[in-house]
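# Inside the fold
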Amino acid sequence: MRMISKFVTPEIIFGVGALSQVGESALRLGATKLFVISDPGVVANRWVDRAIDRLKEAGLSYEVWFEVTSNPKDYEVIEGVKRYQDTGCDAILAVGGGSPIDVAKAVAILATNGGVIQDYEGVNKITRPLPPLLVVPTTAGSGSEVTQFAIIVDTRRRVKMTIISKSLVPDIAIIDPVVLQTKDARLTAATGLDALSHAIESFVSLAATPLTDVNALNAIRLVARYLRPSVASRSNLEAKSAMAMAALQAGLAFSNAILGATHAMAHQLDAQLDLHHGETNAILLPYVMEFNMIACVEKFARIAEAMGENIAGLSTWEAAERAIQAVRRLARDLDIPDKITVGNLSEERINNLAQNALKDACIITNPRDVTERDLHNLFALTLKRGIQVD
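This section reports on the structure supplied with the text. (Residues numbered from 1 in each chain as written. Predicted model: local features only at pLDDT ≥ 70, side-chain atom pairs only at ≥ 80, totals over all residues. Heavy atoms only, no water.)

### Observations regarding empty space enclosed by the protein
Short version of the rule: Cavity means a closed set of points on a 1 Å grid over the protein atoms alone, one where a 1.4 Å probe fits but cannot get out, pocket means an open set with protein on both sides within 12 Å along at least 5 of 7 lines, and lining means a residue has an atom within 4 Å of a point. Grid points are joined across faces, edges and corners, and a volume is the space filled by probe spheres set on the points. Strands are runs of DSSP state E lasting at least two residues, helices are runs of H or I lasting at least four, and both sets are numbered from the N terminus onward.
In this structure the tally under the stated criterion is three cavities of 30 Å³ or more. Quantified by volume, the largest cavity comes out at close to 80 Å³. Lining of the largest cavity is provided by Thr 138, Thr 139, Ala 140, Leu 180, Lys 183, Leu 187, Thr 188, Thr 191, Gly 192, Ser 230, Lys 240 and Met 243. Broken down by secondary-structure element, the contributors of at least two residues to the lining of the largest cavity are helix 6 (185-204) and helix 8 (237-257).

In structure tokens, the structure reads:
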């Protein structure tokens, strides 16, 4: 017998040319002046300009702010809230990857709930409604456009805070695969593998349900088939559309099933070393899969099948091993290294990484029980270290 579960999702507008719906969608949310959040790369590719054109056509005012970095920081949120309030905006539009979207969510929290973003770390700590939130993702990976997650770096503690609340699910997500054509091969690979990590971790999560499973498995199939051609060609719109759908479905899956040890570990490494989140997940994922396999061997066999592996005649255990091999082969084909190269990382700092990962919200739904020692060993396996100093 299954327990009662819920499945949250925003309104989703998907397809080639969907960006044209920005103005009309903002009007439906009751917006009059939008605070547009992005980053320098997205602005340079003129996707913000195209979104603004649609706002102008709809007769809407706007204020643009794009001082957002990869692995967004708490002080960026503070600046964003100040700009939002000083300019008299009443709605938020995020145009970008996971970083601008997560900052948009954090700005929305503080704009109506007050305090500092650290007050909302954890689950369900938001008490007041947020401003209308409209998002246009420009990468196929983070899934933040459909999730109840926001990830922000606490720069004092040097950890990534995980904020989870149904309030963070955007009102409308507009997903246009054309936007992906300006992303280079490395970013396409990293974000695509991020989507794969979301799909795999949510599929084996302790909180998985039939609704999350169907989205996770289809995301795995799409990544396995279309990520390589998407990396190989910016103009392959079929591959871009498939990867946009993969990121969307993986996002829906992990928003509702949560994740596991891969993300709990990645959050710590990204905050400490300012790494690219997608690449970090891609490197960690097969090591964590090896650790988790005894807890969910049947599901790993299904992952292998979804990855396109021929598992006919294999035992369940052999099929499950094929899933890990397929993940490693995909990462290798996309020039992702098999370890994270770091320097001057002492045993004490690895212990600290393990301690913080054990406190991360994502560890709760990992399919296998995890101890601090387990996490220490996993970090040690995945790190290629230089000289160790305290």
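### Here's the deal with the layout of surface pockets
The condition that has to hold: Gly is put with the polar residues, along with every residue not named as nonpolar or charged; the nonpolar set is Ala, Val, Leu, Ile, Met, Phe, Trp, Tyr, Cys and Pro, and the charged set is Asp, Glu, Lys and Arg.
If you add up the space inside the largest pocket, you get close to 680 Å³. Along the walls of the largest pocket sit 38 residues, with Gly 97, Gly 98, Ser 99, Ser 142 and His 277 positioned nearest its centre. Of all elements in the fold, only helix 2 (40-44), helix 5 (98-113), strand 7 (149-154), helix 6, helix 9 (261-273) and helix 10 (277-292) reach the threshold of two or more residues within the lining of the largest pocket. When its residues are assigned to classes, the lining of the largest pocket shows 11 nonpolar, 21 polar and six charged. The space that makes up the second largest pocket amounts to roughly 300 Å³. Lining the second largest pocket are 14 residues; nearest its centre among them are Lys 6, Gln 148, Ser 255, Asn 256 and Ile 258.

### Brief notes about the environment of Ile 4
Where we set the bar: Here's how the labels work: a residue is buried when its accessible area is under 20% of the maximum for its type, exposed when over 50%, partly exposed in between, all with a 1.4 Å probe on protein chains only.
Topologically, Ile 4 is positioned in the segment before strand 1 (11-14). Judged by its relative accessible area of 86%, Ile 4 is exposed. Distance from Ile 4 to Leu 133, taken between C-alpha atoms, is 28 Å for residues 129 residues apart in sequence.

### What to know about the sheet that holds strand 9 (residues 172-175)
Two strands in a sheet stick together by hydrogen bonds in their backbones, pointing the same way (parallel) or opposite ways (antiparallel). Spelled out, the test is: Strands are treated as partners if at least two bridges between them are detected by DSSP. Note on geometry: axes are lines fitted to C-alpha atoms, helical ones only across the stretch in contact, with angles between N-to-C directions running from 0 to 180 degrees. Residue contacts follow a heavy-atom distance rule, with two residues in contact if any of their heavy atoms lie within 4.5 Å.
If you trace the six strands from one edge of the open sheet to the other, you get 1-9-6-4-2-3, paired in parallel fashion. Each edge of the open sheet is held by one strand with a lone partner, namely strand 1 and strand 3 (61-65). In this sheet, adjacent strand axes meet at a mean angle of 20° when their direction is disregarded. Note that strand 2 (residues 33-37) and strand 4 (residues 91-96) share four bridges and pair parallel. Bridging from a neighbouring strand, Phe 35 pairs with Ile 92 of strand 4. Lying on the sheet, helix 4 (residues 74-86) is in contact with strand 2, strand 3 and strand 4; it crosses strand 3 at an angle near 155°.

### What about helix 10?
Quick reminder of the rule: Helices are assigned an expected span. That span is 1.5 Å times one less than the residue count. Bend is the name given here to the angle between axes fitted to two runs of seven residues, the run ending at a residue and the run starting at it.
Taking 1.5 Å of rise per residue, 16 residues should cover 22 Å, and helix 10 covers 21 Å from first to last C-alpha, within 8% of that figure. Taking the largest bend as the criterion, helix 10 deviates by roughly 35°, centred on Leu 285, and proline Pro 286 comes between one and four positions later. In terms of burial, helix 10 is a largely internal element, 15 of the 16 residues being buried.

### Here's the deal with the packing of aromatic side chains
Stated precisely, the cut-off is as follows: Any two of the Phe, Tyr and Trp rings considered here, Trp counted by its six-membered ring, make a pair once their centres fall within 6.5 Å; the pair's planes then place it as stacked at under 30 degrees, edge-to-face at over 60, or tilted in between. Both a distance and an angle decide whether a charge sits over a ring: NZ of Lys or CZ of Arg must be within 6 Å of the ring centre and within 35 degrees of the ring normal.
A full pass over the atoms with the stated rule returns three aromatic pairs. Measuring from ring centre to ring centre gives 6.1 Å for Phe 35 and Trp 65, while their planes differ by 15°; the resulting arrangement is stacked. With Phe 35 in strand 2 and Trp 65 in strand 3, this pair connects stretches of sequence that are 30 residues apart. A network of ring pairs unites the aromatic residues Phe 35, Trp 65 and Tyr 84 as a single cluster. Seen from the ring of Phe 203, Lys 299 lies directly overhead, with NZ or CZ sitting 4.4 Å from the centre. Over the aromatic face of Phe 291 sits the side chain of Arg 368, whose NZ or CZ is 4.0 Å from the ring centroid.

### Some remarks on unusual backbone geometry
Negative phi is the rule for most residues except glycine; trans is the rule for most peptide bonds. Of note in the backbone geometry, Arg 46 takes a positive phi value of approximately 70° without being a glycine. You can see Arg 46 is positioned in the loop between helix 2 and helix 3 (47-57). Here the phi dihedral of Arg 158 falls at roughly 60°; this positive angle occurs in a residue that is not glycine. Tracing the sequence through the fold places Arg 158 in the loop between strand 7 and strand 8 (159-164).

### Remarks on the packing of helix 6 against helix 9
Note the cut-off: Roughly parallel refers to an angle under 35 degrees, roughly antiparallel to one over 145, roughly perpendicular to one between 65 and 115, and oblique to any angle outside these ranges.
Remark: helix 6 packs on helix 9, axes separated minimally by 9 Å, with the N-to-C direction vectors making an angle of 135°. On the basis of the axis angle, helix 6 is oblique to helix 9. Residues Asp 194, Ser 197, His 198 and Glu 201 of helix 6 touch helix 9, and the partners they reach there are Ala 261, Thr 262 and His 263. Residues belonging to the contact of helix 6 with helix 9 are distributed by class as follows: one nonpolar, four polar and two charged.

### Overview of the side chain of Glu 145
The topology assignment puts Glu 145 in the loop between strand 6 (133-137) and strand 7. When neighbours within four sequence positions are excluded, Glu 145 is seen to be in contact with Pro 10, Ile 101, Val 135, Pro 137, Pro 170, Ala 173, Ile 175 and Leu 248.

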